[in-house]
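Listed here are the chains, written in short residue letters.
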Number of protein chains: 2
Amino acid sequence: MSAPTAAETSAAAPRRGRPGYDRAQILEISVELFNEQGYDATSVSDLAARLGLTKSALYHHFDSKEQLLAEALDDALGALEGVLEEPAATTGSPAERLDAVLRSAVRVLSDRLPTVTLLLRVRGNSPSERAALDRRRAFDQRVTALVREAQDAGLVRDDIDGAVTTRLVFGMINSLVEWYRPTGQIDRDRLAHDIVTIALDGMRTR
Amino acid sequence: MSAPTAAETSAAAPRRGRPGYDRAQILEISVELFNEQGYDATSVSDLAARLGLTKSALYHHFDSKEQLLAEALDDALGALEGVLEEPAATTGSPAERLDAVLRSAVRVLSDRLPTVTLLLRVRGNSPSERAALDRRRAFDQRVTALVREAQDAGLVRDDIDGAVTTRLVFGMINSLVEWYRPTGQIDRDRLAHDIVTIALDGMRTR
């Protein structure tokens, strides 16, 4: 699914009217509402009201609120996992692969801000959320393994634990969901460059 | 107020019983509950139940739920603002001051995880929350001004905008609330060292 900005969907939603939503649009608008008021605090009635649909029309597309959540989380996680399968992430030195993984992760976040935002707020209150946390943990472990490989090759400092380094760098990347807006002044590739530069080389001049 | 871990307060709360809470303890336990289930989703009845107090006993100490929120946010913001007033943050080269500010900010976060966690989740749904967002923004601007001073002095790279650099580095610092636990393996000073090292010099060896 493509990731609309909040401004795009809230401007478009009232005009679109009742009929003609496809599954992807229902998912998009639902994710927007989950991010606005929290998944737990959002009822199926709230979703139906935002969409201008009856609950039964909504249930025609999705079995439950949790199914919407599960598909949204899968959108974010599938894209993040895909980063680790890209050719640039699987060939070259560990430092080159790490550079590629960080750069692509920034692109995934900026392209899929709504579903990644939802993912990063998951606390494990339902089976779908716990499954998502497990997949996030597995992703982190694969990145940590790559950081450790780069440490063993002498390409990444080994005076800081690889898992801590991974958490800090992804802390920086994940902070995008708090402040980055794709419609703003910084484009996605510039942002990826800035983040990878700070993560690899730091802010200090030499 | 001192910042209890989740384990400490949940173990201690039932044993403490009804009487004898002071204001600071009520605030601590309220912040813990706000962080668990969200401020908006937490009622005064929920707070009274967690504390084992009647609502009127709770109102003896605090006028409203929003007063609890305002005092908790002030705890976090006051400590962060204090970082910028410390001698190490106001004397020396811009690079030395920046180093000191980042290091002290990490210490504030690790010492006050509960109230800073609450602060970082604020979305601006009430006057107290909007006032807190304004103070956070003013803090960010003062740090950005320091980053720009360090850029002008040639000590921090100027190929990345100073405001973006500040956001990225604080994204890394703020991520602590998601994964750092003071009872874990990494102590606070080690953590401050690791974060400042990555922020200033990056993960790559030279």
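Keep in mind it's a predicted model, so treat the numbers as computed, not measured.

**Points about the overall build of chain A**
Working step 1: Summing up its helical and strand segments, chain A has 12 helices and 0 strands in all.
Working step 2: Each helix (α) and strand (β) of chain A, taken in turn from the N terminus, gives the series α-α-α-α-α-α-α-α-α-α-α-α.
Working step 3: Taking the principal axes of its C-alpha atoms as reference, chain A extends roughly 60 × 35 × 30 Å.
Working step 4: Expressed as a percentage of its 206 residues, the buried residues of chain A come to 50%.
Working step 5: Pairs at least 24 apart in sequence give 63% of the contacts found in chain A among residues at least 6 apart.
Working step 6: For chain A, the accessible surface area stands at approximately 9,300 Å², while carbon and sulfur atoms represent 50% of it.
Working step 7: Counting 26 positive and 31 negative side-chain charges, chain A places the centres of these two groups 3 Å from one another.

**With respect to the interface of chain A and chain B**
Working step 1: Counting from both sides, the interface comprises 34 residues of chain A and, opposite them, 34 residues of chain B.
Working step 2: Taking both sides of the interface into account, the surface hidden between chain A and chain B amounts to around 3,600 Å²; carbon and sulfur atoms contribute 60%.
Working step 3: The largest per-residue losses of area from chain A upon contact with chain B belong to A:Arg157, A:Leu168 and A:Met203, which jointly make up 22% of the total buried on that side.
Working step 4: Across the contact surface, chain A and chain B share 6 salt bridges.

**Quick look at the packing of aromatic side chains**
Working step 1: Scanning the model with the defined rule gives 6 aromatic pairs over all chains in all.
Working step 2: Ring centres of B:Phe139 and B:Phe170 lie 5.7 Å apart, and the angle between their planes is 85°; on these two criteria the pair is classed as edge-to-face. Here B:Phe139, found in helix α9 (residues 127-152), pairs with B:Phe170, found in helix α10 (residues 162-174); they are 31 residues apart in sequence, far enough to count as distant. Across the pair, B:Phe170 and B:Phe139 agree in class, each one buried.
Working step 3: In this structure, A:Lys65 is placed above the aromatic ring of A:Tyr39, and the distance from its NZ or CZ to the ring centre is 4.1 Å.

**A closer look at the relation of the copies chain A and chain B**
Working step 1: For the pair chain A and chain B, the best superposition has an RMSD of 0.0 Å and corresponds to a rotation of 180° with a translation of 0.0 Å parallel to the axis. Those values place the two copies in the arrangement expected of a two-fold rotation axis.
Working step 2: Mapped onto chain B, 100% of the interface residues of chain A again fall at the interface, so both copies present the same surface.

**Considering helix α12 (residues 188-201) of chain B**
Side chains that are three or four residues apart share a direction in an α-helix, a result of its 3.6 residues per turn.
Residues and elements named next belong to chain B.
Working step 1: An ideal rise of 1.5 Å per residue puts 20 Å on 14 residues; α12 measures up with 20 Å between its terminal C-alpha atoms.
Working step 2: Taken across its 14 residues, α12 has 10 buried, putting it largely inside the fold.
Working step 3: Listed as buried for α12 are Leu191, Ala192, Asp194, Ile195, Val196, Thr197, Ile198, Ala199, Leu200 and Asp201.
Working step 4: With a side-chain oxygen positioned 3.0 Å from the backbone nitrogen of aspartate 189, the residue opening α12 is aspartate 187.

**Here we look at the packing of α9(B) against α10(B)**
Residue and element names in this part refer to chain B.
Working step 1: Orientation of α9 relative to α10, taken along the N-to-C sense of each, is 120°, at an axis distance of 9 Å. Put simply, α9 runs oblique to α10. For the element pair α9 and α10, the recorded crossing hand is right-handed. Contacts between α9 and α10 involve Arg136, Phe139, Asp140, Val143, Thr144, Val147, Arg148 and Gln151 on the former and, on the latter, Gly162, Ala163, Thr165, Thr166, Phe170 and Asn174.
Working step 2: Residue classes in the contact of α9 with α10 are distributed as 5 nonpolar, 6 polar and 3 charged.

**Let's talk about the UniProt feature "DNA-binding region" (unreviewed entry) in chain A**
Working step 1: In this numbering, the UniProt entry assigns the feature "DNA-binding region" (unreviewed entry) to residues 43-62 of chain A.
Working step 2: Summarising residues 43-62 of chain A: 75% helix, 0% strand, and an end-to-end C-alpha distance of 14 Å.

**Let's talk about the domain arrangement of chain A**
Residues and elements named next belong to chain A.
Working step 1: What the domain assignment reports for chain A is domain 1 (6-64) and domain 2 (67-201).
Working step 2: Taken over C-alpha atoms, the centre of domain 1 sits 28 Å from the centre of domain 2.
Working step 3: If you look at the interface, domain 1 gives 13 residues, while domain 2 gives 12 residues.
Working step 4: For the domain 1 and domain 2 pair, buried surface summed over both sides reaches about 1,200 Å², with 59% attributable to carbon and sulfur atoms.
Working step 5: On inspection of domain 1 and its partner domain 2, the count reaches 1 salt bridge.
Working step 6: Here glutamate 71 ties to arginine 23 by a salt bridge, and the two come within 2.9 Å at their closest N and O atoms.
Working step 7: For the pair domain 1 and domain 2, the number of links is 8 residue pairs in polar contact (both at pLDDT 80 or more).
Working step 8: For the side of domain 1 that touches domain 2, the element with the most residues is helix α2 (residues 23-37), which contributes 7 residues.
Working step 9: Of the residues assigned to the side of domain 1 that touches domain 2, the class counts are 7 nonpolar, 3 polar and 3 charged.

**A closer look at the environment of A:Ala89**
Residues and elements named next belong to chain A.
Working step 1: Considering the arrangement of structural elements, one finds alanine 89 in helix α6 (residues 87-90).
Working step 2: For the pair alanine 89 and aspartate 161, spaced 72 residues apart in sequence, the C-alpha to C-alpha distance is 22 Å.
Working step 3: Alanine 89 has contacts with Val83, Leu84, Arg97, Ala100 and Val101, leaving out every residue within four places of it along the chain.

Calculation criteria
Residues numbered from 1 in each chain as written. Chains lettered and ligands numbered in written order. Predicted model: local features only at pLDDT ≥ 70, side-chain atom pairs only at ≥ 80, totals over all residues. Heavy atoms only, no water. Helix = DSSP H or I, 4+ residues; strand = E, 2+ residues; numbered from the N terminus. Buried < 20%, exposed > 50% of the residue type's maximum accessible area, 1.4 Å probe, protein only. Contact = heavy atoms within 4.5 Å. Areas by Shrake-Rupley, 256 points an atom, 1.4 Å probe, with all protein chains shown as cover. Lys, Arg positive; Asp, Glu negative; His and termini not counted. Charge placed at Lys NZ, Arg CZ, Asp CG, Glu CD. Buried area = accessible area lost by both parts, 1.4 Å probe. Salt bridge = Lys/Arg side-chain N within 4 Å of Asp/Glu carboxyl O. Phe/Tyr/Trp six-rings, centres within 6.5 Å; stacked < 30°, edge-to-face > 60°. Lys NZ or Arg CZ within 6 Å of the ring centre and 35° of its normal. Least-squares fit on C-alpha atoms with pLDDT ≥ 70 in both. Expected span 1.5 Å × (residues − 1). Polar contact = N/O pair within 3.5 Å; in protein donor to acceptor, adjacent residues only side chain to side chain. Axes fitted to C-alpha atoms, helices over the stretch in contact; angles between N-to-C directions. Parallel < 35°, antiparallel > 145°, perpendicular 65-115°, else oblique. Left-handed = near helix turned anticlockwise from the far one by under 90°. Nonpolar A, V, L, I, M, F, W, Y, C, P; charged D, E, K, R; others polar. UniProt positions renumbered as here; feature names shortened; annotations may be inferred. Domains from an automatic or database assignment.

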